[in-house]
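Working through the structure, step by step
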Amino acid sequence: GGSQELAGLALTNLEAAEERVYAPLFSRWAGPAKSVMVDNAQLRSFVLQSTSCAESDLDAELFKAAPDLSLTLPAFLSLLRMHALPEGVVIQSFMEFGGGPQPVRPPP
């Protein structure tokens, strides 16, 4: 089925799987223009609800992704990837994996 196919694609080509999931949503916002203005309320709400991007950082992050204020699908996907997890969670996981603040050394 479609979900099994998507799961397989996510394991072999995550970027393609992300595009398959998010492109239809993005297209509804963009229409024939192929880009979305960064002040689009649906876009802004989705980014705030679906990413770790804080509301106080949203304008700056959207401007970084779309300096001309018109967000393309590749820039939208990049924005979602950059804010998939809060930075603190990533750092904490890294520290736990590494056994704490000590550097991880290879075996002799």
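Scope of this entry: the structure provided in the associated data block.

Cut-offs and rules
Per chain, residues are indexed from 1 in the order of the written sequence. With the structure being a predicted model, the display of local features is reserved for residues of pLDDT at least 70 and the display and counting of side-chain atom pairs for 80 or more, all residues being used for whole-chain, interface and lining totals. Only heavy atoms go into the side-chain values, all of them from the structure, while hydrogens and water stay out. To obtain each axis, a line is fitted to C-alpha atoms, and for helices this fit is confined to the stretch in contact; angles are then taken between N-to-C directions over 0 to 180 degrees. Secondary structure is summarised from DSSP: a helix means a run of H or I of at least four residues, a strand means a run of E of at least two, and numbering begins at the N terminus for each. In what follows, roughly perpendicular refers to angles from 65 to 115 degrees, roughly parallel to angles under 35, roughly antiparallel to angles over 145, and oblique to any angle outside these ranges. Each helix crossing is assigned a hand: it is left-handed if the near helix lies turned anticlockwise from the far helix by less than a right angle, otherwise right-handed if that turn is clockwise. We call two residues in contact when some of their heavy atoms are within 4.5 Å. Polarity classes work like this: nonpolar for Ala, Val, Leu, Ile, Met, Phe, Trp, Tyr, Cys and Pro, charged for Asp, Glu, Lys and Arg, and polar for all others, with Gly in that last group. Criterion for a salt bridge: a side-chain nitrogen of Lys or Arg within 4 Å of a carboxyl oxygen of Asp or Glu.

Before going further, it helps to spend a moment on the packing of helix α3 (residues 41-50) against helix α5 (residues 73-82). Between α3 and α5, the least distance of the axes is 10 Å, while the angle of their chain directions is 25°. Taken together, α3 and α5 sit at an angle that is classed as roughly parallel. Regarding α3 and α5, the two cross each other, and that crossing is right-handed. Here α3 contributes L43, F46 and V47 to the contact with α5, which in turn contributes F76, L79 and L80. Partitioning the contact of α3 with α5 into residue classes produces six nonpolar, no polar and no charged.

Turning next to the pattern of salt bridges. Counted according to the given criterion, the structure contains two salt bridges. Between K64 and E61 there is a salt bridge, with the nearest N and O atoms lying 2.9 Å from each other. With K64 and E61 both in helix α4 (residues 58-65), this residue pair falls three residues apart, about one helical turn.

To describe two helices that pack against each other, one gives the angle between their axes and the distance between the axes. Relative orientation of the contacting elements α3 and α4 amounts to 110°, with a least axis distance of 11 Å. Overall, the two elements α3 and α4 adopt an arrangement that is roughly perpendicular. Of the residues in α4, those in contact with L43, R44, V47 and L48 of α3 are L58, D59 and L62.

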